[in-house]
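Survey of secondary and tertiary structure
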Amino acid sequence: MRVLVVEDERDMADAIVRGLRRKGMAVDVAYDGLEGHEMAYVTRYDVVVLDRDLPGMHGDEICAALVESGALTRVLMLTASSSVEDKVEGLELGADDYLAKPFDFKELVARVQALGRRATPVAPPVLSVGNLVLDQSRRVATRGGVTLELTNKEFCVLEELLKAKGGVVSSEELLERVWDANTDPFTTTVRVTINTLRKKIGDPPLIETVVGAGYRVPEPVVAS
């Protein structure tokens, strides 16, 4: 899941970023409204965690621009006000959810995860190909009943490949969906992660390389 945090209180912003990354999300951060608006325009995020009172460009304007663009991005608006009027106003602007400061971080994570599921085509909570099973909610992958010891990035790459249902996923798409903006677009990190993932999944191999296109996990052929 790709998340953008737009929050001008740097300590809070950095704490949110660290916490969401620990949950396996690819997270970028902007500390003012103008930067946040530009980043949200350039990159398709699943969720934007958006402070309402921002310097440079107000959070309301960013939210309205995202809604007007027709993007699938979901917006979780943060505000120091907990009044019903402010919540209603924020939701009427097009925000998908609203959270007043101070908040419990566990609640923030749960809301971001819920919005992320709404930002992409609905996928079952458990994905499987043959004897490989990936439980998205529990963040556990097994093959033949044996748990695979995967890093967050390896789990997310496998998740994206299985969501594609046999389709090809390019390196560029994996970089966009799994890694954050600090990743060098010319890096070999995707290839290295795929190779490590293949070793951990074991034989027979499941991940195919489609030369010049990307990677895929073919769905089993059903005998007629």
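Here, the structure is the one placed above.
Report on the accompanying structure.

The rules behind the values
Residues numbered from 1 in each chain as written. Predicted model: local features only at pLDDT ≥ 70, side-chain atom pairs only at ≥ 80, totals over all residues. Heavy atoms only, no water. Buried < 20%, exposed > 50% of the residue type's maximum accessible area, 1.4 Å probe, protein only. Helix = DSSP H or I, 4+ residues; strand = E, 2+ residues; numbered from the N terminus. Pairing = 2+ DSSP bridges. Right-handed = clockwise from strand over helix to strand, strands pointing away. Contact = heavy atoms within 4.5 Å. Axes fitted to C-alpha atoms, helices over the stretch in contact; angles between N-to-C directions. Parallel < 35°, antiparallel > 145°, perpendicular 65-115°, else oblique. Nonpolar A, V, L, I, M, F, W, Y, C, P; charged D, E, K, R; others polar. Phe/Tyr/Trp six-rings, centres within 6.5 Å; stacked < 30°, edge-to-face > 60°. Lys NZ or Arg CZ within 6 Å of the ring centre and 35° of its normal. Core = buried A, V, L, I, M, F, W, Y, C linked by side-chain atoms within 4.5 Å. Salt bridge = Lys/Arg side-chain N within 4 Å of Asp/Glu carboxyl O.

1. A closer look at the pairing of strand β1 (residues 2–6)
Taking burial as the measure, the 5 residues of β1 include 5 buried ones, the bulk of the element. Bridge analysis of β1 against strand β2 (residues 26–30) gives 5 bridges, and the strand direction is parallel. Looking across to β2, one finds that V3 is bridged to V27. This β-α-β element, β1 to helix α1 (residues 10–22) to β2, shows right-handed connectivity. Note: β1 against strand β3 (residues 47–51), 4 bridges, orientation parallel. When the sheet's bridge partners are listed, V5 is paired in β3 with V49.

2. A word on the sheet that holds strand β7 (residues 132–135)
With respect to topology, 4 strands assemble into an open sheet ordered β6-β7-β8-β9, the strand pairing being antiparallel. Every interior strand has two partners, whereas the edge strands, β6 (126–129) and β9 (146–147), have only one. When β6 meets β7, the two strands line up antiparallel, connected through 4 bridges. Of the residues in β7, the one forming a bridge with S128 is V133. Where helix α6 (residues 152–163) meets the sheet, its contacts fall on β6, β7 and β8 (140–143), and the angle it forms with β7 comes to roughly 110 degrees.

3. As for the packing of helix α7 (residues 171–178) against helix α8 (residues 189–201)
Close contact between α7 and α8 brings their axes to 10 Å; oriented N to C, the two are set at 90 degrees. By the criterion of interaxial angle, the relationship of α7 to α8 is roughly perpendicular. Residues S171, L174 and L175 of α7 lie in contact with α8, whose contacting residues are T189, V190 and I194. When the residues that make up the contact of α7 with α8 are grouped by side-chain class, the tally is 4 nonpolar, 2 polar and no charged.

4. Here we look at the packing of aromatic side chains
In the structure shown here, the tally under the stated rule is 0 aromatic pairs. Just above the ring of Y31 sits the side chain of R10; from NZ or CZ to the centre is 3.9 Å.

5. A look at the nonpolar core
Within the largest apolar cluster, 26 residues are counted, with the highest numbers of intra-cluster contacts made by V157, L158, L161, L162, L174, I194 and I207. Broken down by secondary-structure element, the contributors of at least two residues to this core are β6, β7, α6, α7 and α8. No other element matches α6, which puts 6 residues into this core. Here V157 is in contact with L174, V178, W179, T193, I194 and L197, once residues within four sequence places are set aside.

6. Let's talk about the pattern of salt bridges
Going through the model one piece at a time under the given rule, you end up with 14 salt bridges. As a salt-bridge pair, R74 and D96 come within 3.4 Å of each other at their nearest N and O atoms. Taken together, the residues R74 in strand β4 (residues 74–79) and D96 in the loop between α4 (84–92) and β5 (97–100) connect sequence positions 22 residues apart. Three or more residues are tied together by salt bridges with common partners; here these are E7, E9, D51 and K101.

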